[in-house]
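# Understanding the architecture of this molecule
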Amino acid sequence: LVALGLGGAKRDGASALFVVLRWPSAEEERRELGLPERDLHITVGLVGADVHGVPKGVTSLLHHHLGMPIERINALLGAVKPKHRPASRVAAYTAALLHAQALKTEESVDLRARVHLMRARARAGLGDSTGALQDALAGCDLRETPRALLLLGDAYAACNPENGHACEAAVAAFKRGLQLCSTPDHLTVRKNLLKRLEKAGEHPAPASKFPRTAHVLNLGAATRDDLLLPTAQHVEFCDAANEIAIEEKVDGANLGIWLDDQWKVVTKNRSHFVCEGSGAQWAGLDAWVQQHITLLCEAA
């Protein structure tokens, strides 16, 4: 149970003051019992008579009573769970935003950016693609982060069903998000950004695959997927006039490394982009790239 702030309502000469509540468990209980939705509140004062038939939820909050401490806003956000209905989450996030905007502190900027992204996800769950896009844009305007840009790209895609993730605005957001991925905390979001770009047919690095090594001769174990040396090259290879160097091949995964136009290192396994989060065999890859970033840039 979280008190969102003091609300007010007027009708037919009467007015009421009340505490606007967020009570997720009670809201879910009413829904399971088939009861209609209600703006849960505690009446604290009346003038003339009680006021009925008017909103007493987030939209009724009195702005001159906004500005609850950040600790209480975080408590409000903590009370919102993924299992709660999107409409309920949107209402709670709207209240949190109203209070955070009234604080006007540097600390509240990060909070507002975070809540905008939370509300964007909830609005997307309601099918409100326009509202989700507005919140995603607001969040990016406050703090441009890889996660915010991933959400922004998805919001653009939802607003452009014909092109989806391939629409120009979505691709631009995904690419910008990829450029900002710079810490181990970004492994998962980087993987998701790369997936979106591949789905859109966009590649931040050359799309050519690493060349395959052909077998000189099929001794009986080759399969249809194996590549055999063409006859002309086989003859040239076996020509006694040519010197042949035999080296041991160490088995392992193929890895390609590129630097994009922003000097961002992009790693790739044949036709797929990879990072530490792509699988167990890539554990430590991002840390290795960061450790050798100077040498990689010099080599380019």
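Now for a description of the structure that goes with this document. Counting restarts for each chain, with residues numbered from 1 along the sequence as it is written. Per-residue local features are limited, in this predicted model, to residues with pLDDT of at least 70; the limit for side-chain atom pairs, both in listing and counting, is 80 or more; totals at the level of whole chains, interfaces and linings are taken over all residues. The basis for the side-chain values is all heavy atoms of the structure; hydrogens and waters are excluded.

## Points about the overall build of the protein
Put simply, the rule is: In this text, helices come from DSSP runs of H or I with a minimum length of four residues, and strands from runs of E with a minimum of two, each type numbered from the N-terminal end. For the radius of gyration, the atom set is restricted to C-alpha positions; the globular benchmark scales as 2.2 Å times the number of residues to the power 0.38. A 1.4 Å probe rolled over the protein chains alone gives each residue an accessible area, and that area as a share of the maximum for its type sets the label: buried under 20%, exposed over 50%, partly exposed in between. Residues count as neighbours in contact if any of their non-hydrogen atoms are within 4.5 Å of one another. Calculation of accessible area relied on Shrake-Rupley with a 1.4 Å probe; when residues are assessed, cover is drawn exclusively from the protein chains displayed. His is not counted, nor are the chain ends, whereas Lys and Arg count as positive and Asp and Glu as negative. Where a charge lies is defined by one atom per residue type, namely NZ (Lys), CZ (Arg), CG (Asp) and CD (Glu).
From N to C terminus, the protein includes eleven helices and six strands. Taken over the C-alpha trace, the protein has a radius of gyration of 29 Å; the compact-globule value for 300 residues is 19 Å, which it surpasses by more than 25%. If one aligns the C-alpha atoms of the protein with their principal axes, the spans along those axes are about 110 × 45 × 30 Å. Of all 300 residues assigned to the protein, the portion counted as buried reaches 36%. The contacts in the protein between residues at least 6 apart in sequence include a share of 55% that link residues at least 24 apart. Within the structure as shown, the protein displays about 17900 Å² of accessible surface, and the carbon and sulfur contribution to it stands at 53%. Considering the protein, the positive charge centre built from 34 side chains and the negative charge centre built from 35 side chains are found 9 Å apart.

## What about the sheet that holds strand 1 (residues 2-11)?
What links the strands of a sheet is backbone hydrogen bonding, and the strands pair in either a parallel or an antiparallel sense. The following threshold applies: Think of it this way: DSSP has to see at least two bridges between two strands before they count as a pair. Helix axes are fitted only over the stretch in contact, all axes being lines through C-alpha atoms; the angle between N-to-C directions runs from 0 to 180 degrees.
An order of 1-2-3 is seen for the three strands of this open sheet, with the pairing classed as antiparallel. Only two strands of the sheet have a single partner each, and these edge strands are strand 1 and strand 3 (41-47). Each neighbouring strand pair of the sheet contributes to a mean axis angle of 20°, computed without reference to strand direction. With nine bridges joining them, strand 1 and strand 2 (residues 14-22) adopt antiparallel strand pairing. Residue pairing in the sheet places Gly7 in a bridge with Phe18 of strand 2.

## Side note on the pattern of salt bridges
This is how the line gets drawn: The salt bridge criterion pairs a side-chain nitrogen of Lys or Arg with a carboxyl oxygen of Asp or Glu, the two atoms within 4 Å.
Tallied over the entire structure, the rule returns ten salt bridges. One salt bridge in this structure joins Asp135 and Arg119, with 2.8 Å as the shortest N-O distance. One end of the pair, Asp135, is in helix 5 (residues 129-142); the other, Arg119, is in helix 4 (residues 106-125), with 16 residues separating them in the sequence. Grouping residues by exposure puts Asp135 and Arg119 together as buried. Where Arg176 meets Glu144, a salt bridge forms, and the shortest distance between an N and an O atom there is 3.1 Å. Residue Arg176 is found in helix 7 (residues 168-180), and its partner Glu144 is found in the loop between helix 5 and helix 6 (146-159); the two are separated by 32 residues along the sequence.

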